[in-house]
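# Descriptive analysis of the structure
Each chain, letter by letter, is given below.
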Amino acid sequence: MKIYLNDQLVDSSEARVSVFDHGLLYGDGIFEGIRLYDGCVFKLEEHLERLEYSAKAIMLDMPWTREEISNAVCETCRANNLEDGYIRLVVTRGVGSLGLSIKNCDQPQLIIIADNIQLYPAEYYEQGLSIITVPTRRCNPAALPPSVKSLNYLNNILAKIEAQHLGYHEAIMLNDQGYVAECTGDNVFIIHKGELITPASSSGALKGITRGTVLEIADHLNISCQEKNMTRYDVWVADEVFLTGTAAEIVPIVEVDARKIGDGKPGVITAQFLEAFRGKVSLDGRKL
Ligand code: PMP
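Calculation notes
Residues numbered from 1 in each chain as written. Predicted model: local features only at pLDDT ≥ 70, side-chain atom pairs only at ≥ 80, totals over all residues. Heavy atoms only, no water. Helix = DSSP H or I, 4+ residues; strand = E, 2+ residues; numbered from the N terminus. Buried < 20%, exposed > 50% of the residue type's maximum accessible area, 1.4 Å probe, protein only. Contact = heavy atoms within 4.5 Å. Areas by Shrake-Rupley, 256 points an atom, 1.4 Å probe, with all protein chains shown as cover. Lys, Arg positive; Asp, Glu negative; His and termini not counted. Charge placed at Lys NZ, Arg CZ, Asp CG, Glu CD. Near = heavy atom within 4 Å. Polar contact = N/O pair within 3.5 Å; in protein donor to acceptor, adjacent residues only side chain to side chain. Salt bridge = Lys/Arg side-chain N within 4 Å of Asp/Glu carboxyl O. Domains from an automatic or database assignment. Buried area = accessible area lost by both parts, 1.4 Å probe.

## Some thoughts on the overall build of the protein
Helix and strand content of the protein: eight helices and 16 strands. Projected onto its principal axes, the C-alpha coordinates of the protein cover approximately 55 × 40 × 30 Å. When burial is assessed residue by residue, the protein has 49% of its 288 residues classed as buried. Of the contacts formed within the protein by residues at least 6 apart in sequence, a portion of 71% connects residues at least 24 apart. Carbon and sulfur atoms make up 51% of the accessible area of the protein, which totals about 13,800 Å². The centroid of the 27 positive side-chain charges in the protein is displaced by 3 Å from the centroid of its 39 negative side-chain charges.

This is the structure we're talking about:
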């Protein structure tokens, strides 16, 4: 496998980063997870815009233009003969001395990994998933803006551990005020009386690219949508619940905190969203 590292493609056995990289030492960096569908990098511009915003928010000066990164993504996919897959794009603060200061981190590192994707099992989509709310909260926006897709995932990892410990694959994370923020690696939507509702990013949700695509589809399907505070109660009494994410796409949820959602089967409106989403994926992005 070829990895893009420091402006060139290298064999994965040669792709190494320094132990002094602040990405490793402090989680000081940002990333994107992107899908390649049928030779089309889905929503590449949107991912690169989010990456630039994340970089700006953490004051990381990326020395590459958007076009250079975009070309590097495509080059990495082509070098690995991929038509479908998952792309992990990581930008670290780079090598520096021990200590939090970014002053002597002169050279950010760009790493691009493009590989086959481990798809979620088909039964998640056919039967729907059961999830629970876990105690670990999503970061307070005043501590770390949830829109920054940073290398600091420890609170989400703790939430995932809690979920798995209890036998679940995903979990709802609340924000510090007790409102629903998102799941450990996916955004959450409910449908109630025909209306689509999702937490605003100010509630602690990452502005997911799949989330944005679902909002576009809602517009297209003439389904009204609101971004607002959502309680666990709102989720429990929803007619349908689903999760969105680059790897997951759109996953129906059939049980939350032991409350059956709707009739306990994947929802019909959720299925409409999934169908519309899958119809878009190889058309909306950059061709290799
Ligand atoms: N929230 C979190 C915390 C995430 O890590 C992700 C990405 N896996 C998402 C939501 C979904 O975002 P996207 O649709 O851009 O993958």
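## Quick notes on the site of the ligand
Looking at the ligand, there are 16 residues lining it, with Tyr153, Glu182, Ile209, Thr210 and Thr246 nearest. Within the contact set of the ligand, a nitrogen atom lies 2.9 Å away from a backbone nitrogen or oxygen of Gly185. Thr246 places a polar side-chain atom, nitrogen or oxygen, 2.6 Å from an oxygen atom of the ligand. Out of a free accessible area of 390 Å², the ligand has 92% covered by protein chains.

## Quick notes on the pattern of salt bridges
Applying the stated criterion across every chain, the model contains 15 salt bridges. We note a salt bridge from Arg211 to Glu227, for which the minimum N-O separation is 2.8 Å. Of this pair, Arg211 sits in helix H6 (residues 209-220) while Glu227 sits in strand S12 (residues 225-227), and the two are 16 residues apart along the sequence. Judged by relative accessible area, Glu227 falls into the partly exposed class, the value being 44%. Across the salt bridge formed by Glu216 and Lys280, the nearest N and O atoms sit 3.2 Å from each other.

## Some thoughts on the domain arrangement of the protein
When its domains are assigned, the protein resolves into domain 1 (2-115) and domain 2 (122-282). Just the C-alpha atoms count here: the centres of domain 1 and domain 2 sit 26 Å apart. At the junction of the two partners, domain 1 supplies 25 residues and domain 2 supplies 20 residues. Roughly 1,800 Å² of surface becomes buried between domain 1 and domain 2 when both sides are summed, with 64% attributable to carbon and sulfur atoms. Considering only the surface of domain 1 that becomes buried against domain 2, Phe31, Phe42 and Arg50 emerge as the three largest contributors, covering 34% of it. At the junction of domain 1 with domain 2, the criterion picks out two salt bridges. Between Arg35 and Glu249 there is a salt bridge, with the nearest N and O atoms lying 3.5 Å from each other. Viewed at the interface, domain 2 and domain 1 are joined by 10 residue pairs in polar contact (both at pLDDT 80 or more). Counting residues per element, the ones that place at least two in the side of domain 1 that touches domain 2 are helix H1 (22-26), strand S3 (29-37), strand S4 (40-42), helix H2 (44-57) and strand S5 (85-92). With eight residues, the top contributor of residues to the side of domain 1 that touches domain 2 is S3.

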